[in-house]
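As a plain string of letters, each chain reads:
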Amino acid sequence: MRALETTASRAAAWGGVIQTYAAYLPVTDATPVITLNEGNTPLIKADNFVRAIGGEFDLYLKYEGLNPTCSFKDRGMTLALSKALERGAKVVICASTGNTSASAAAYAARAGMKCVVILPNGKIAMGKLAQALMHGATTIAVEGNFDAALRIVRELGETAEIEVVNSINPVRIEGQKTAAFEICDVLGRAPDFHFLPVGNAGNITAYWRGFREYHAAGRTDRLPRMFGFQAAGAAPLVDGHPVSDPQTVATAIRIGNPASWQGAMDAASASRGHIGKVTDEEILSAHRSIARHEGVFIEPACGAPLAGLIRCVRDGLIPQGSVVTATMTGHGLKDPDAAIQSAGCQPVVVQANTAAVMKVIGL
Ligand SMILES: *Cc1c(COP(=O)(O)O)cnc(C)c1O
């Protein structure tokens, strides 16, 4: 009974990433904390997947799909909304491939602030659109891609009452680095390698900062090598120039001109890491594989680092016994259309009798 009580009180005590990591964040006692108790997401060991891809190392998935709005964006948004409220902004605005808008809409609702989201028309996964609308954000779809939407937002951000909550807002990255802290706190060390998808490149910048700050504070004895992956049709960092018409099934990383370009390049080079690209076929195959082997349902973008890991294993880049972590940035239910396409099968329709069902089961 005692163990149960302890678990229950710990769960109740988790007050979100600002409360937990305030010492590492740009907040003071005067900062109003807008939180949905984000963070504290599970680090799931994925032995079946490692065996299936022929590796001999420990892989842990940081399952960020279990944040309050089902993506890692909540870590930065709690800080962005808290700071916006602190300075007296009236409206928050963002351009989004979907998850930033879902998170901004939820945290703005909680803060009692107006939220405006600018989306690329027709390129938003259904779950994410539902969230923005449900939380009451003014939702505007522009006839253009994410990069065009971000350009508009940057211009509107010059207005004093409006706070831009894209990752060009530096506090977003500050909040997002807490995921690296959690990984180290749970493992009791930093990993040897960290894998994650790269779109606008804020998150790879944030993780690298988090790992470095924990190392500098003496909380870990090493730094991981940072391995970021883009989709082949939206891989400006790999191709070395902005992509004007980015294309990929992984809509969360369908970005042609990343705002944190330099942050991503610095993370890869300073950590002796790598920014690579993988095809949509590889992304969807990994997306399905992790669901089938591990019971972990992710959105397509998270297939990119898994596909990248498969390549690295094939190329002999992951030494036996390594500790590898990978961020699963968003939940699979965000994008049910992609999931059904990825599953590659449909329900079998039969007559409503036992014999017909038994036949399908194969008994
Ligand atoms: C935002 C997002 C990404 C990309 O993160 P960046 O910080 O833009 O590189 C990847 N996956 C999901 C699910 C996201 O929501």
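These notes cover the structure that comes with them.

Parameters at a glance
- Residues numbered from 1 in each chain as written.
- Predicted model: local features only at pLDDT ≥ 70, side-chain atom pairs only at ≥ 80, totals over all residues.
- Heavy atoms only, no water.
- Helix = DSSP H or I, 4+ residues; strand = E, 2+ residues; numbered from the N terminus.
- Rg over C-alpha atoms; globule rule 2.2 N^0.38 Å.
- Contact = heavy atoms within 4.5 Å.
- Areas by Shrake-Rupley, 256 points an atom, 1.4 Å probe, with all protein chains shown as cover.
- Lys, Arg positive; Asp, Glu negative; His and termini not counted.
- Charge placed at Lys NZ, Arg CZ, Asp CG, Glu CD.
- Pairing = 2+ DSSP bridges.
- Axes fitted to C-alpha atoms, helices over the stretch in contact; angles between N-to-C directions.
- Buried < 20%, exposed > 50% of the residue type's maximum accessible area, 1.4 Å probe, protein only.
- Expected span 1.5 Å × (residues − 1).
- Near = heavy atom within 4 Å.
- Polar contact = N/O pair within 3.5 Å; in protein donor to acceptor, adjacent residues only side chain to side chain.
- Nonpolar A, V, L, I, M, F, W, Y, C, P; charged D, E, K, R; others polar.
- Parallel < 35°, antiparallel > 145°, perpendicular 65-115°, else oblique.
- Left-handed = near helix turned anticlockwise from the far one by under 90°.
- Right-handed = clockwise from strand over helix to strand, strands pointing away.
- Core = buried A, V, L, I, M, F, W, Y, C linked by side-chain atoms within 4.5 Å.
- Salt bridge = Lys/Arg side-chain N within 4 Å of Asp/Glu carboxyl O.

1. Quick word on the overall build of the protein chain
Line of reasoning, step 1. On a plain count of helices and strands, the protein chain comes out with 16 helices and ten strands.
Line of reasoning, step 2. Taken over the C-alpha trace, the protein chain has a radius of gyration of 20 Å; the compact-globule value for 363 residues is 21 Å, and the two agree within 12%.
Line of reasoning, step 3. Across the protein chain, contacts joining residues at least 24 apart in sequence account for 73% of those joining residues at least 6 apart.
Line of reasoning, step 4. Surface summary for the protein chain: the accessible area is close to 15,500 Å², and the carbon and sulfur share equals 54%.
Line of reasoning, step 5. A gap of 2 Å separates the mean positions of the 33 positive and 32 negative side-chain charges of the protein chain.

2. Examining the sheet that holds strand 9 (residues 274-278)
Line of reasoning, step 1. Strand order in the open sheet formed by six strands is 1-2-10-7-8-9, with mixed pairing between adjacent strands. Looking at the sheet topology across the chains shown, the edges are occupied by strand 1 (43-45) and strand 9. The sheet shows a mean angle of 25° between the axes of neighbouring strands, taken without regard to direction.
Line of reasoning, step 2. Two strands pair when backbone bridges link them, and strand 2 (residues 58-63) and strand 10 (residues 323-328) are joined in this way by six bridges, in the parallel orientation.

3. Considerations on the environment of Gly175
Line of reasoning, step 1. Summarising the element assignment, Gly175 is placed in helix 8 (residues 170-176).
Line of reasoning, step 2. By relative accessible area, which is 1% here, Gly175 ends up buried.
Line of reasoning, step 3. Each C-alpha atom, one on Gly175 and one on Phe72, is 9.8 Å from the other, the two residues being 103 residues apart in sequence.
Line of reasoning, step 4. Contact partners of Gly175, with chain neighbours within four places excluded, come to Leu25, Arg75, Gly76 and Leu79.

4. Quick word on helix 13 (residues 280-294)
Line of reasoning, step 1. Taking 1.5 Å as the rise per residue, helix 13 with 15 residues should run 21 Å; its terminal C-alpha atoms sit 21 Å apart, in good agreement.
Line of reasoning, step 2. Residues of helix 13 that are buried: Ile283, Leu284, Ala286, His287, Ser289, Ile290 and Glu294.
Line of reasoning, step 3. Positive backbone phi, at 70°, marks Gly295, one or two positions downstream of helix 13.

5. Side note on the site of the ligand
Line of reasoning, step 1. Of all residues adjacent to the ligand, which total 16 residues, the nearest are Lys73, Asn99, Asn200, Ala201 and Thr329.
Line of reasoning, step 2. Within the backbone of Asn203, a nitrogen or oxygen atom sits 2.8 Å from an oxygen atom of the ligand.
Line of reasoning, step 3. Between the ligand and Thr329, the relevant distance is 2.7 Å, taken from a nitrogen atom to a side-chain nitrogen or oxygen of the residue.
Line of reasoning, step 4. Compared with its free state, where it exposes 380 Å², the ligand has 96% of that area covered by protein.
Line of reasoning, step 5. Of the residues belonging to the shell around the ligand, the class tally is seven nonpolar, seven polar and two charged.

6. Here's the deal with the packing of helix 4 (residues 73-87) against helix 5 (residues 99-111)
Line of reasoning, step 1. Where helix 4 contacts helix 5, the two axes come as close as 9 Å, and the packing angle between them is 40°. Judged by the inter-axis angle, helix 4 sits oblique to helix 5. In this structure, helix 4 meets helix 5 at a crossing whose hand is right-handed. Contacts between helix 4 and helix 5 involve Lys73, Asp74, Met77, Thr78, Leu81 and Leu85 from the former and Asn99, Thr100, Ser103, Ala104, Tyr107, Ala108 and Ala111 from the latter.
Line of reasoning, step 2. Grouping the amino acids of the contact of helix 4 with helix 5 by side-chain chemistry returns seven nonpolar, four polar and two charged.

7. Digging into the pairing of strand 3 (residues 91-95)
Line of reasoning, step 1. Within strand 3, five of the five residues are buried, which leaves it mostly tucked inside the rest of the structure.
Line of reasoning, step 2. Of the two faces of strand 3, the one holding Val91, Ile93 and Ala95 and the one holding Val92 and Cys94 are both buried throughout.
Line of reasoning, step 3. Taking the sense of rotation as the criterion, the β-α-β connection linking strand 3, helix 5 and strand 4 (residues 114-120) turns out right-handed.
Line of reasoning, step 4. Two elements, strand 3 and strand 6 (residues 162-164), share three bridges in a ladder whose sense is parallel. Within strand 6, the residue paired with Val92 across the bridge is Glu163.

8. What about the nonpolar core?
Line of reasoning, step 1. By size, the foremost hydrophobic cluster in this structure holds 52 residues, and its most contacted members are Leu81, Val92, Cys115, Val165, Ile204, Tyr207 and Met226.
Line of reasoning, step 2. Those elements giving two or more residues to this core turn out to be helix 2 (17-21), helix 4, strand 3, helix 5, strand 4, helix 9 (178-187), helix 10 (202-216) and helix 12 (261-270).
Line of reasoning, step 3. No other element matches helix 5, which puts six residues into this core.
Line of reasoning, step 4. Excluding its chain neighbours within four sequence positions, the residues that come into contact with Ile204 are Leu196, Val198, Met226, Gly228, Ala264, Ala267 and Ile275.
Line of reasoning, step 5. Core analysis: the second largest hydrophobic core is formed by 34 residues, Phe227, Ile290, Cys302 and Met328 among them.

9. Quick look at the pattern of salt bridges
Line of reasoning, step 1. All chains considered together, the criterion is met by 17 salt bridges.
Line of reasoning, step 2. We note a salt bridge from Lys45 to Asp47, for which the minimum N-O separation is 3.2 Å.
Line of reasoning, step 3. By relative accessible area, Asp47 is classed as partly exposed at 34%.
Line of reasoning, step 4. Ionic pairing is found between Arg219 and Asp185, a salt bridge with its closest N-O pair at 3.7 Å. With Arg219 in the loop between helix 10 and strand 8 (225-231) and Asp185 in helix 9, this residue pair connects regions lying 34 residues apart in the sequence.
Line of reasoning, step 5. When its relative accessible area of 47% is taken as the criterion, Arg219 is described as partly exposed.
Line of reasoning, step 6. Judged by relative accessible area, Asp185 falls into the partly exposed class, the value being 34%.

10. Focus on the packing of helix 13 against helix 15 (residues 336-343)
Line of reasoning, step 1. Where helix 13 contacts helix 15, the axes come no closer than 9 Å and their chain directions differ by 85°. Here helix 13 is positioned roughly perpendicular relative to helix 15, judged by the angle of their axes. Contacts between helix 13 and helix 15 involve Leu284, His287, Arg288 and Arg292 from the first element and Ala338, Ala339, Gln341, Ser342 and Ala343 from the second.
Line of reasoning, step 2. Taken together, the residues of the contact of helix 13 with helix 15 break down into four nonpolar, three polar and two charged.

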